[in-house]
Structures are given as C-alpha cells and as structure tokens.
Amino acid sequence: MVSRVIPVDPFDLVIFGGTGDLARRKILPGLYRRFWDGQMPRDAHVIGAARTAQDDAGYRQFVREAIETFVAPDKRDAETIEAFLAMVRYVAVDATGTEGWDTLAAMVRPDTIHAFYFSVSPSLFGGIAERLHGHGIATPDARIVVEKPFGHDLASARELNATLAHSFDEHQIYRIDHYLGKETVQNLMAVRFANVLFEPLWNAQYVDHVQITVAETVGVEGRGAYYDKSGAMRDMVQNHLMQLLCLIAMEPPSRFEPDAVRDEKLKVIRALDPVAPGDIVRGQYRGRDDEPGYLEAAENPDSTTESFVAMKVHVSNWRWAGTPFYMRTGKRLRARVSEIAVVFKDPPHSIFGEDGKRRGNVLAIRLQPDEGMTMRVTIKEPGPGGMRLVEVPLDMSFAEALGEHAADMPDAYERLIMDVIRGNQTLFMRGDEVEAAWAWTDPVIAGWESRGDRPLPYDPGGAGPEDALMLLHRDGRRWREIEG
Ligand code: NAP
C-alpha cells in the first residue's frame, strides 16, 4: 500500500506560545514531519511568537533542538532541517500588551492562508484574538486554533466563545481535541459508514454495551497544582471521552462535512441522561514505595479532586435506549491504553449447547498504544475431537495492513494542523458542542461538591477503585482488562 501525501497550499502559521512545551514537543516536530513527507510547501512561513526577546537565529536553534529531540532519526537529515528552518521566523509579542503587534502585522503576507495557533494559557486567548483583530492582522479567512482546556465549566466556556466571537466567526475557530486527529478515530467513522456490515447491528437491539477506557500509567507529578483545579472529569471526560462516545453513538451524517458531522455529535450530547450519583465512581491514587500519592503530588492534603472516574451513561434515543455506555479514565493505572469496545449481545440461541452461550462479538477499537481494530469472533477449534468453540481475534491492525508505511502515519497534531490549513473543521469541536458537553458535566461536579463526596483511594498499578469494577459487576458485565 502506497501512502499518498497531498501538499497543502502555502500558508503563514503564527504559533503564540511558540517557545512553550506543546510547541516544542508536538507542533514544531509535527510541522517538520509534514515537511519531510512533502505535504508542507517550501514557501510556507512558521512564525514563533512569545514574550521572550530573541532573533530568528535564536528561535531556529530552539526549533532545531525540538526536531532533533522529538523526530525519529530516519526522518531527518541536515539538508531537510536547514530547508525547514529557512521558513521559520520569530516575533516577540506580549498577548496582554502592545509590544510586537505591529511587527507581526508586517510579517504576515497578505495573499496567503493565515493560521494563528493559540498555544498559550487560555487566559490569554481573548487578548490575542482582540489584538489580531484590532491590528487588522486577521483577515476574514484567517483561522485560529484554540488549545484545551476550553473553559472550566459552562459559564467560562460560554464566556470564551463570546470573547472569540467578538473577533472571529465560528467558521474561523478550530477548537482542538487531539483525540479526533488519531487515525483510529477517523477509521472508526470509515468502518461504520463505508461498510454495510456494521451499521445494521449498531444499535440497542444488537449491542449489549460499550466500554470506553482511557488509562494512563503516569501520575500528576510536575503539574499537580494545575491538575488539582481540574480533575479527570474536566480534564478527560468532558472533552476526549465525550468525543469518542459521540463518534460511536451518532447517527450517520448525510455527508462527511464539518457541520453535518458536528450536528450529529451535538445530538448525542444532548441526548445524554444526567448521571445518577450511584452510577459514577471517583478515585484518587495512593502512594507506593517512594512514589508520591495524589494528595502529595497535588500538594493539597485535603484535595477532593479525582484522578480516576468511572461511570455508566445512557444515551436516551431510539437507537441506544437500554444500551449503557461505560466510561473510565484514570492516572497511575496498570497500563497506558485508550480503547473503545463495542460489546455485542450473545447469539439469541445456542445450537452448540452450553459451549455456544455467552459468545458475543466484541469490536475493540484501540487508539493507543498500537492503533488498530480487532473483532472477536467465535470459530470451531481446529482439529479433531468434535465441535469445540474458541474465540479468535480478526485483526485489523494498521501496522500490518500498511506494512512499512505504518510508521509514516502522521500523528494527531500534525494531521489536525494540516486540516486547519485546508480549512476543514470536521475534526474540530464547534462552540455549541463544547457548551453542551459542559452543560452535561457541570451538574455531576456540582453534585459531588454539594454532597461533599470524597474520591475513593486506589492502589497504583491496578484498574482503579473496587467500586468501579462493581459498576459493571452489578449489571452482570465486566470491564475489559487494562493491558498495554
Ligand atoms: P507553556 O510551556 O507554559 O508555554 C507557554 C507559552 O506561552 C510560552 O511560549 C510563553 O513564552 C508564552 N507566553 C506566556 N505568556 C505570554 C504572553 N503574555 N504573551 C505571549 N506569549 C506568552 O505551556 P504549554 O504546555 O506549551 O501549553 C500551551 C497550551 O496548550 C495551554 O493552553 C495548555 O493547556 C495546552 N496544552 C498543552 C499540552 C502539553 O502537552 N504541553 C497538552 C494539551 C494542551 P514567554 O514566556 O516567552 O512569553
């Protein structure tokens, strides 16, 4: 299979926060990889913008180090790096002041695509939007890319949407959720809507339940104080897990176009029932040996912020009535894995007696560590000895299907940035979607706060608190193993 790279048009991309961690680890190496693959044209400009005073040469050194650190050796050579760096520029601007804005205005070329990546603290989004508008830098076709978190609750998300709307139309705003940029997530839509096989079964009649798991092995060290203001519900469920749930549960859009897809996702969020207090479990990891527990890492011994959450969710519509969606995410768990499992019902009758019972198919969609899909099917165990059944995976692993090209798959950030340049918002969240997700999340958090609920402690290296297992056990189901 040959990978096809379609080059994008020339562009000017300004990265506010161009000296920050996200720019260094993801955005700049990602752009370089697109350049290496021939997708990024040689007359593009990448302009780093931050307060630090430095010249182009200083910033190019920063970019070079980012490439050398985060790009695999087989995708870089001195000549390509030099050619890429020739497109890189720097401007010192203050998002809250006046410095640098006229210089930036003079740097962006009038007749090219303009994209402005807000890779800074959300408190600076409004100031940057206002100044881009005020200095006439943003043309009506300019795009802004907005990082997470998009608000802290419904009120702040609304305020942020309103602030951005002062200077930009919705069609110019690209709210990033990098989960949507993953190959598997898009493949999920291809599997659902480009085959006749799955969609007829994709409903409450045939699907017993759905599991969505995003497990991390790391704790909150280094960003404990920041995380403590957020927690798993805000940091992961409101955005990433919610987006995955939407893609599984949504109706087929009439076209693979931004508003058609986003309209369907919005309907799912609006169809979510409020979560009953008994259907949600929160946890906080304990310390082990010399590894600090959550409370120590967050430097807040009284913290009630959760590092783990598991819940049962209902999508109240004709398609899904009676099929629960179980979601869980947490830190310091057994393995780093993101996975969606669509668990189909058992066959209605077993002609093979006991052996044929409880043989539901499972479609497992894995986002990390190895992106791919497997379908669990039941077959006859090969060989003599009568009819014995065995479950085997039908593997749709991309690595195998794509062979040597598997390593060339762009990562989520670089794919999404190219979509921004192409002006394609399909994989970005619309303002009303984000607000609807907060409108569902807020009462859950408010409930914890009003009841004074405390998260349950759990040991690192496992699957979270025991009560999270019970959430499924009591329904006669079980979580899939968390394994990398
Ligand atoms: P960071 O490492 O703290 O970098 C912040 C950047 O903003 C620096 O380049 C800083 O440079 C610049 N900056 C700060 N104040 C400024 C001002 N007044 N005017 C202009 N520039 C200013 O942050 P980060 O980790 O890269 O995160 C950036 C954004 O991405 C945040 O919204 C974060 O939530 C989001 N995000 C980050 C990650 C990640 O892995 N890092 C993942 C997901 C989302 P100067 O100090 O030189 O101004």
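Anything mentioned here points back to the structure above.
The structure reproduced in this document is the subject of the present report. (Residues numbered from 1 in each chain as written. Predicted model: local features only at pLDDT ≥ 70, side-chain atom pairs only at ≥ 80, totals over all residues. Heavy atoms only, no water.)

As a further point, take the overall build of the protein chain. Counting its regular elements, the protein chain contains 15 helices and 15 strands. The C-alpha radius of gyration computed for the protein chain amounts to 24 Å, which stays within 12% of the reference 23 Å derived for 484 residues, consistent with globular compactness. Based on the C-alpha atoms only, the size of the protein chain along its principal axes is roughly 75 × 55 × 50 Å. Considering the protein chain as a whole, with its 484 residues, one finds that 54% of them fall into the buried category. Sequence separation of at least 24 residues holds for 77% of the intrachain contacts in the protein chain that already meet a minimum separation of 6. About 21,400 Å² of surface is accessible on the protein chain, with carbon and sulfur atoms providing 52% of the total. Here the protein chain carries 56 positive and 73 negative side-chain charges, and the mean point of each set is 4 Å from the other. (Helix = DSSP H or I, 4+ residues; strand = E, 2+ residues; numbered from the N terminus. Rg over C-alpha atoms; globule rule 2.2 N^0.38 Å. Buried < 20%, exposed > 50% of the residue type's maximum accessible area, 1.4 Å probe, protein only. Contact = heavy atoms within 4.5 Å. Areas by Shrake-Rupley, 256 points an atom, 1.4 Å probe, with all protein chains shown as cover. Lys, Arg positive; Asp, Glu negative; His and termini not counted. Charge placed at Lys NZ, Arg CZ, Asp CG, Glu CD.)

We now examine the packing of helix H10 (residues 258–271) against helix H14 (residues 431–451). Running from N to C, H10 and H14 point in directions that differ by 15°, and their axes come no closer than 9 Å. Taken together, the axis directions place H10 and H14 in an arrangement best described as roughly parallel. Crossing hand, H10 versus H14: left-handed. For the pair H10 and H14, the contacting residues are Arg262, Lys265, Leu266 and Ile269 in the first and Asp432, Glu433, Ala436 and Ala437 in the second. (Axes fitted to C-alpha atoms, helices over the stretch in contact; angles between N-to-C directions. Parallel < 35°, antiparallel > 145°, perpendicular 65-115°, else oblique. Left-handed = near helix turned anticlockwise from the far one by under 90°.)

Close to the ligand lie 21 residues, the nearest being Thr19, Arg25, Arg51, Thr52 and Val120. Leucine 22 is positioned with one of its backbone polar atoms (N or O) 2.8 Å from an oxygen atom of the ligand. At 2.9 Å, a backbone N or O of lysine 148 approaches an oxygen atom of the ligand. A total of 880 Å² of accessible area belongs to the ligand in isolation, and the protein chains cover 73% of it. In terms of residues, the shell around the ligand owes the most to one element, helix H1 (residues 21–36), which gives three residues. Among the residues making up the shell around the ligand, the classes are represented as nine nonpolar, six polar and six charged. (Near = heavy atom within 4 Å. Polar contact = N/O pair within 3.5 Å; in protein donor to acceptor, adjacent residues only side chain to side chain. Nonpolar A, V, L, I, M, F, W, Y, C, P; charged D, E, K, R; others polar.)

The next subject is the sheet that holds strand E12 (residues 362–368). The strand order E14-E13-E12-E11-E7-E10-E9-E8-E15 describes an open sheet built from nine strands, whose pairing is mixed. For this open sheet the edge positions go to strand E14 (389–397) and strand E15 (456–458), each flanked by a neighbour on one side alone. Taking each pair of neighbouring strands and ignoring which way they run, the sheet shows an average axis angle of 20°. Bridging between strand E9 (residues 308–313) and strand E10 (residues 325–330) involves six bridges; their strand directions are antiparallel. Across the sheet, phenylalanine 308 pairs through a bridge with glycine 330, a residue of E10. Lying over the sheet, helix H9 (residues 232–249) contacts strand E7 (207–215), strand E8 (280–285), E9, E10, strand E11 (337–344) and E12, oriented at roughly 145° with respect to E10. This element, helix H15 (residues 466–473), spans E7, E8, E9, E10 and E15 of the sheet and lies at about 15° to E9. (Pairing = 2+ DSSP bridges.)

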